[in-house]
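# Geometric and topological summary
So the chains spell out like this:
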Amino acid sequence: MPAVDPRLLRAFLAVAEELHFTRAATRLHVAQQALSRDIRRLERELGTELFVRTTRQVTLTPEGERLLPYARKVLDAQDELLAAFGQARPLLVDLNSPGLVTGRRVLLRARELAPDQELMARYESGLTHAAAEVLAGRLDASFGRFAGLPAALRAGLDQQPVRYEPMAVVLFEDHPLASLEAVPLAALAGETVYAGAGNPRTPEWTDLAHRLFDGRGIRVAPPVPLAVGDEEFQRIMARTGHPILAVVDFPALPGTVRRPLVDPVPLSPVSLVWRQGLKHPGLDALRRASAEVAAAAGWLRRPVDGWIPAIDAKVMAAWG
C-alpha cells in the first residue's frame, strides 16, 4: 500500500469528528465535493469503507473507528515535526469570554515570549464545552475549573494551575446590598443567585456555585434562555433581577455594581488545560507565561480566609 497523504487523514479526521460533510468542509475551508473526493480516495487506498452515509446521518464504520486513533497520532506527529522546523500551525487558545482577565493576560505574555508563533484567541464561554473541543482537536488550550470537568474529559487532558480567582457578586444598582463595598456570604442568605444553571457550556461553574451555596441558605437561580452577547445577557438578567455569581475581574455591565464576596473569600480555581500529548512551541510559551504571570501577580497564593472545594484543592495541589 502506498504512503497515505496526511491531507487525506485530515479530511477523514474532520468528517469523523463532525459526522457531517458540510460542517467538515467548512472547518477545512474546502468545497464539500473536494472533501468527498478525498474521503473516497482514502477509502480506495485503504481498501475499506470508513463511513456509512445516509440522507440523514454520517457514522463511522468499524474500520473507520479503528483508523481514528492512528490518524490522530500521525497528524500530531506531523504537527510536531513542522514545529521543530519553525513551521508550527497556529495555536488556538480559548479565553472563555471577552473581557475576562486571567486567560487574556497569560495569552498576551505568551505572545511576547514567542513572537514568531501565532497564538489565536477563541471564546467558547465555558471549560466543559471547550474541553470537548480540545479533545476533538478543534481547540488546543483553554482556561477554567479543571476539577469541575467530568472524569471522562479529564482523562484525556493535562492541566497547570494558574490562579485562585476571588469570586464576586454582580448586583443591580437598586439592590439592597449594592451599597456595600464587599458582600459577606451570609448576607446572600435567602437570595436566588444566577450561576449559569442550564447552560451546557458551563456546568463546572454551576457546580461550584452549588458547593459554595450549600448550607448557606442561598439558592441557585433556575435556567433562563441562553443569551448570546453582552446586551442579551444584560437584558435577560434585568428581567429576573437576580444577583449574578461572578469573579472579581468580571466585565462591568451597565446598571450594575460588582462586589467582592467575603467571610470567607470564595475562590474560583483556574487552570490552563490542554490535550495530553500535545507538542507545540506555542503551548510551551503559554505554559511558561502562565507560571510567570501567576508568580508576578501572586495568583496562586490562597488567602487565609479563602474557600475552595476539597476536590479542587486536591486537583490544584496534585500538579507539579
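A brief look at the structure comes next. Values in this document were obtained by computation on a predicted structure and should not be read as measured data. (Residues numbered from 1 in each chain as written. Predicted model: local features only at pLDDT ≥ 70, side-chain atom pairs only at ≥ 80, totals over all residues. Heavy atoms only, no water.)

## Considerations on the nonpolar core
The biggest cluster of nonpolar side chains holds 34 residues, and the ones touching the most others in it are Phe-213, Leu-245 and Leu-261. Contributions of two or more residues to this core are made by strand E6 (157–172), helix H8 (203–213), helix H9 (230–240), strand E10 (244–247) and strand E11 (256–262). Every residue in contact with Phe-213, bar those within four places of it in the chain, is listed here: Val-193, Ile-218, Arg-219, Val-220 and Leu-245. (Core = buried A, V, L, I, M, F, W, Y, C linked by side-chain atoms within 4.5 Å. Buried < 20%, exposed > 50% of the residue type's maximum accessible area, 1.4 Å probe, protein only. Helix = DSSP H or I, 4+ residues; strand = E, 2+ residues; numbered from the N terminus. Contact = heavy atoms within 4.5 Å.)

## A few points about the packing of helix H1 (residues 6–18) against helix H3 (residues 32–46)
Interaxial distance between H1 and H3 falls to 9 Å at its minimum, and their mutual angle equals 110°. When the interaxial angle is binned, H1 and H3 end up roughly perpendicular. Viewed along their axes, H1 and H3 form a crossing whose handedness is left-handed. Residue-level contacts link Arg-7, Leu-8, Leu-9, Ala-11, Phe-12 and Val-15 of H1 to Leu-35, Asp-38, Ile-39, Arg-41, Leu-42 and Glu-45 of H3. The residue makeup of the contact of H1 with H3, split by class, is eight nonpolar, no polar and four charged. (Axes fitted to C-alpha atoms, helices over the stretch in contact; angles between N-to-C directions. Parallel < 35°, antiparallel > 145°, perpendicular 65-115°, else oblique. Left-handed = near helix turned anticlockwise from the far one by under 90°. Nonpolar A, V, L, I, M, F, W, Y, C, P; charged D, E, K, R; others polar.)

## A short note on the layout of surface pockets
For the largest pocket, the calculated volume is near 1,100 Å³. Lining the largest pocket are 42 residues, with Ser-97, Leu-100, Ser-125, Thr-202 and Phe-250 sitting closest to its centre. The calculated volume of the second largest pocket comes to roughly 560 Å³. When contributions to the lining of the second largest pocket are tallied by element, the ones reaching two or more residues are H1, helix H2 (21–28) and helix H4 (62–84). For the lining of the second largest pocket, the class distribution of residues is eight nonpolar, two polar and ten charged. (1 Å grid on protein atoms, 1.4 Å probe; cavity = no way out; pocket = protein on both sides within 12 Å on 5 of 7 lines; lining within 4 Å. Points joined across faces, edges and corners; volume = space filled by probe spheres on them.)

## Quick word on the side chain of Thr-206
If you trace the backbone, Thr-206 turns up in helix H8. Of the residues examined, Thr-206 reaches a relative accessible area of 10% and is grouped as buried. Beyond its immediate chain neighbours, meaning those up to four positions away, Thr-206 contacts Ala-195, Gly-196, Ala-197 and Val-220.

## What about H9?
Looking at H9, one finds that the buried residues are Phe-233, Ile-236 and Met-237. Down the axis of H9, the buried set is contained in an arc of 95°. They therefore lie on one face. The outward face of H9, more than 90 degrees from its buried face, is lined by the exposed residues Glu-231 and Arg-239. On the buried face of H9, the contacting elements are E6 and E10. Two residues or fewer after H9 comes Gly-241, characterised by a positive phi angle close to 75°. (Arc of directions from axis to C-beta.)

## Some remarks on unusual backbone geometry
With omega at -5°, the peptide bond leading from Asp-263 into Pro-264 counts as cis. Of note in this structure, Asn-96 is not a glycine but carries a positive phi near 75°. A residue is classified by how much of its surface remains accessible, and Asn-96, at 13% relative accessible area, is buried. Inspection of the secondary structure puts Asp-263 in the loop between E11 and strand E12 (265–275).

## With respect to the pattern of salt bridges
If you walk through the whole model with that rule in mind, you get 21 salt bridges. Put simply, Arg-138 and Glu-18 hold a salt bridge, and the shortest N to O gap is 3.5 Å. With Arg-138 in the loop between helix H6 (127–135) and strand E5 (141–144) and Glu-18 in helix H1, this pair connects stretches of sequence that are 120 residues apart. The exposure class assigned to Arg-138 is partly exposed, which follows from its relative accessible area of 23%. The closest approach of N and O atoms between Glu-43 and Arg-53, which form a salt bridge, is 3.3 Å. Of this pair, Glu-43 sits in helix H3 while Arg-53 sits in strand E1 (residues 51–53), and the two are ten residues apart along the sequence. A cluster of three or more residues bridged by salt bridges with shared partners is formed by Glu-18, Arg-23, Glu-133 and Arg-138. (Salt bridge = Lys/Arg side-chain N within 4 Å of Asp/Glu carboxyl O.)

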